[in-house]
Amino acid sequence: ASNRDLAARERLLAATAAPAAAVAPSVDVDVSDGQLKLAPVRCPLSLACRAAGATQGEREFEKRADPKDKNAQALLEEMRAHIKKLEEMRKHEDPRLSFATPEFKEAQRIFTDNFKKNFGRPVEYALVKDYPWSMPQLRKLDVPVDVEGKPWPLDASGNPILKN
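This report concerns the structure included in the present document. (Residues numbered from 1 in each chain as written. Predicted model: local features only at pLDDT ≥ 70, side-chain atom pairs only at ≥ 80, totals over all residues. Heavy atoms only, no water.)

## A few points about the overall build of the protein
Thought 1: Counting its regular elements, the protein contains 4 helices and 4 strands.
Thought 2: If you list the helices and strands of the protein from N to C, you get α-β-β-α-α-α-β-β.
Thought 3: Of all 164 residues assigned to the protein, the portion counted as buried reaches 10%.
Thought 4: A fraction of 29% describes how many contacts in the protein between residues 6 or more apart in sequence connect residues 24 or more apart.
Thought 5: With the model as given, the accessible surface of the protein reaches about 14,000 Å², and the carbon-plus-sulfur share is 58%. (Helix = DSSP H or I, 4+ residues; strand = E, 2+ residues; numbered from the N terminus. Buried < 20%, exposed > 50% of the residue type's maximum accessible area, 1.4 Å probe, protein only. Contact = heavy atoms within 4.5 Å. Areas by Shrake-Rupley, 256 points an atom, 1.4 Å probe, with all protein chains shown as cover.)

Written out as structure tokens, the structure reads:
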């Protein structure tokens, strides 16, 4: 798209933009008992809500756009293709999968705790400095250690004893 087409699209979008009054307020105003009370309005934007809003915005744009204007029609086709692509991407999405659920947070906490403990296994390789001023290098340790640097218990043949 050329700069001229982009400028035309921007002008078209600015001319057909929804007025500020059409936007929902972020606070609810109550003056029923003579005092001004402001209460925040909660409107969680789920994926379905966003998709419905995009479709509603598209319908609003369709009403305002001139059917004879090629730029407006091209922009409408681009919007429809983008919305169709988003719907196609979300078709197989499971709404229960979220990083905010208590189950996920608990699983993440358990994983992080186990990660800090090297999943119950000894540390056999580490970044080692020969001298305080030298660069650390990855080397195999002579004796396996735990995450605190204490020697790991070994069996009779010298292999680390793993917990089952």
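Having seen it, we continue.
## Looking at helix α4 (residues 102-116)
Thought 1: For α4, built from 15 residues, the straight-helix expectation of 21 Å at 1.5 Å per residue is met to within 8% by its first-to-last C-alpha distance of 21 Å.
Thought 2: Remark: Asn 118 follows α4 within two positions and exhibits a positive phi of approximately 60°. (Expected span 1.5 Å × (residues − 1).)

## Observations concerning helix α3 (residues 70-90)
Thought 1: Counted at 1.5 Å a residue, the expected span for α3 with its 21 residues is 30 Å, and the 30 Å between its end C-alpha atoms agrees.
Thought 2: What α3 keeps buried is the set Ala 72, Leu 75, Leu 76 and Ile 83. The buried side chains of α3 occupy one side of the element, clustering within an arc of 105° when seen end-on. Seen from the open side of α3, the exposed residues pointing more than 90 degrees away from its buried face are Lys 70, Lys 84 and Met 89.
Thought 3: Measuring from the backbone nitrogen of Asn 71 back to the side-chain oxygen at the start of α3 gives 3.3 Å, which picks out Asp 69 as the cap. (Arc of directions from axis to C-beta. Polar contact = N/O pair within 3.5 Å; in protein donor to acceptor, adjacent residues only side chain to side chain.)

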